[in-house]
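# Examining the three-dimensional arrangement
In case you want the letters, here they are:
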Amino acid sequence: MKLEGSVIFEKLPREDLQSLQPIVSVEGLTRVFGQDPQKALELRNSGCSKEEIYEETGDTLALYDVSFEVMPGEIFVLMGLSGSGKSTLLRCINRLIEPTGGRILIDGDDIVGMSQDELRAVRRRKLGMIFQSFALLPHRTVLDNVVFGLEVQGIPEDERYQRGEELLRMVGLGDYGASMPSHLSGGMKQRVGLARALAGDPEILLMDEAFSALDPLIRREMQDELLDLQQRLNRTIIFVTHDLDEALKLGDRIALMRDGEIVQVGTPEEILTNPENAYVERFVAGVDMTKVLSASDVMRHPEPVARCTVGPRVALHLMEEHDIGSVFVVDRGRRLKGLVTLDGTLEAVRAGRGLEEIITTDIPTVAPDTPLTDIISVIAGSPYPVAVVDDENRLQGLVFRGAILGALARKGGDVNGSA
């Protein structure tokens, strides 16, 4: 049971995720807590609110007609206020809470109709759960806590301890295997919980407010740790939180819930920039857009550009035609070489010099996913636009000061992040 033998999904661009089959599909999921679920659903179907249903029947409509899909390898965040149904939904996915109606497909198999033996097999092979409370066994060492599930499964001692030691090293606790849980900080205990959840090599991690009990600094460190582990292991993660900043940081997609229903599903950018209704708009009000928008959101198409093989007169013509004071220079593969200015090009024409002799190479560049909060400081100290380049230094776009200010104005923020 080594990590090298794990079946993982290669991380794909978002547009390619659509070509994959979902690893989790929730269809019309409903959960009613109370004595008369059918009556509660009839009232909801007739237009009654969750509060009205409770007043009429004493039943709580925790989930109503919830449907969504989770693709392999993505972090899917369930977000909402207390009582929105997000934790109930997560517990329905592994049937810690039994649904009242609907289907839950994991790799195409509906777990709602499974027997307890079949369900245990799915939980053992495919699902790992991490709770807000650390739930460590106080009388067992850290290593014994990590391998407890493997011990229950009957995995030989040498094999399970080797696996446990690998996981402790992975979460940064390689020297703490012999320690007792009482000797660990909150963040360290949650790392143990993460290692324990990974011990069974699950395809899907279910994380219920996993970092909510931690201090803010430790919480941010654990968020970074989770993203780092995701880069290496590329698991499918369904993550519950009430914290919008946490959802925006972790989520590939976010499902915003209210009163047991999903209000909107989308990427962090879609949730923030195209709220489905007034509730979503109020929920995301005040978000620091400089931490959410990236270079790719505000960059302009990099035209005109000059190839490094042309002469200075061609570059001068481009600048005059487009009424600009500089032009970026690329090679035949659109790899960025630098920039030439109007003054430098005029001097080159007069002196009979080549374009390559006047290229300025000391220009700011950023990656497409660089957040605006990082770009602002770069562009403030440069007389030129910021060039957006990919991993092979190919020019993707240009970011201008006006584009940043315009984007933030449209989203209701400013360069200081206020709203």
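Residues numbered from 1 in each chain as written. Predicted model: local features only at pLDDT ≥ 70, side-chain atom pairs only at ≥ 80, totals over all residues. Heavy atoms only, no water.

Within an unreviewed UniProt entry, the label attached to the chain reads Glycine betaine/proline transport system ATP-binding protein, and the organism entered is Methanoculleus bourgensis. Recorded under Sequence similarities (unreviewed entry), the UniProt text for the chain is reproduced unchanged: "Belongs to the ABC transporter superfamily." (UniProt positions renumbered as here; feature names shortened; annotations may be inferred.)

### Here's the deal with the sheet that holds strand β14 (residues 365-366)
On the basis of which strands lie adjacent, the open sheet formed by three strands has the order β14-β15-β16 and mixed pairing. Sheet topology places β14 and β16 (395-399) at the edges, where each strand pairs with a single neighbour. Pairing of β14 with strand β15 (residues 386-389), which is carried by two bridges, proceeds in the parallel orientation. Residue pairing across strands places Val366 opposite Val388, the latter belonging to β15. Along the sheet face, helix α17 (residues 372-380) touches β14, β15 and β16 and points at about 135° away from the line of β15. (Pairing = 2+ DSSP bridges. Helix = DSSP H or I, 4+ residues; strand = E, 2+ residues; numbered from the N terminus. Contact = heavy atoms within 4.5 Å. Axes fitted to C-alpha atoms, helices over the stretch in contact; angles between N-to-C directions.)

### Let's talk about the pattern of salt bridges
The final tally for this structure, using the stated rule, is 20 salt bridges. A salt bridge links Arg91 to Asp208; the nearest nitrogen and oxygen atoms lie 2.2 Å apart. Residue Arg91 is found in helix α4 (residues 86-93), and its partner Asp208 is found in strand β7 (residues 204-208); the two are separated by 117 residues along the sequence. Classification of Arg91 as partly exposed rests on a relative accessible area of 22%. Given the relative accessible area of 5%, Asp208 is considered buried. A salt bridge links Arg394 to Asp390; the nearest nitrogen and oxygen atoms lie 2.9 Å apart. We classify Arg394 as partly exposed; its relative accessible area is 31%. (Salt bridge = Lys/Arg side-chain N within 4 Å of Asp/Glu carboxyl O. Buried < 20%, exposed > 50% of the residue type's maximum accessible area, 1.4 Å probe, protein only.)

### Here's the deal with α17
Among all positions of α17, only Leu372, Ile375 and Ile379 are buried. Angularly, the buried residues of α17 cover 55° about the axis, an arc narrow enough to put them on a single face. Turned more than 90 degrees off the buried face of α17, the exposed positions are Ser377 and Ala380. (Arc of directions from axis to C-beta.)

### Concerning the pairing of strand β1 (residues 24-33)
Counting buried positions along β1 yields seven of ten residues, so the element is predominantly enclosed. Across five bridges, the pairing between β1 and strand β4 (residues 101-106) is antiparallel. Residue pairing in the sheet places Thr30 in a bridge with Gly101 of β4. Sheet topology places β1 next to strand β2 (residues 60-70); seven bridges connect them, and they run antiparallel. Among the inter-strand pairings, Val24 is bridged to a residue of β2, identified as Val70.

### With respect to the UniProt feature "domain: CBS" (unreviewed entry) in the chain
The feature "domain: CBS" (unreviewed entry), as annotated in UniProt, sits at residues 299-357 and 359-415 in this numbering. Counting secondary structure, residues 299-357 comes out at 36% helix and 24% strand; the distance between its end C-alpha atoms is 28 Å.

### Describing the nonpolar core
Core analysis: the largest hydrophobic core is formed by 61 residues, its most contacted members being Met79, Met207, Phe211, Phe239, Ile375 and Val399. Take this core: its biggest share by element is seven residues, from helix α9 (residues 186-199). When we break this core down by domain, the ones giving at least three residues each are domain 1 (72-99 + 116-286) and domain 2 (296-407). With residues near it in sequence (within four places) discarded, Phe211 still touches Gln190, Arg219, Met222, Gln223, Leu226, Phe239 and Glu246. Membership of the second largest hydrophobic core comes to 29 residues, among which are Leu63, Ile97, Leu206 and Met257. (Core = buried A, V, L, I, M, F, W, Y, C linked by side-chain atoms within 4.5 Å. Domains from an automatic or database assignment.)

### Things to note about the UniProt feature "domain: ABC transporter" (unreviewed entry) in the chain
Mapped onto this numbering, the UniProt entry annotates "domain: ABC transporter" (unreviewed entry) at residues 43-284. Taken end to end, residues 43-284 comprises 43% helix and 21% strand; its first and last C-alpha atoms sit 31 Å apart.

### As for the confidence of the model for the chain
Low pLDDT means the predicted atomic positions in that stretch should not be read closely. On average, the chain scores 85 in pLDDT, and the residues at 70 or more come to 91%. A low-confidence stretch, residues 1-15 stays under pLDDT 50, and its non-local contacts, those more than four residues away or across chains, total 36 contacts. Predicted confidence for residues 412-419 stays below pLDDT 50, and this span has 14 contacts to residues more than four positions away or in other chains. (pLDDT = per-residue confidence, 0-100.)

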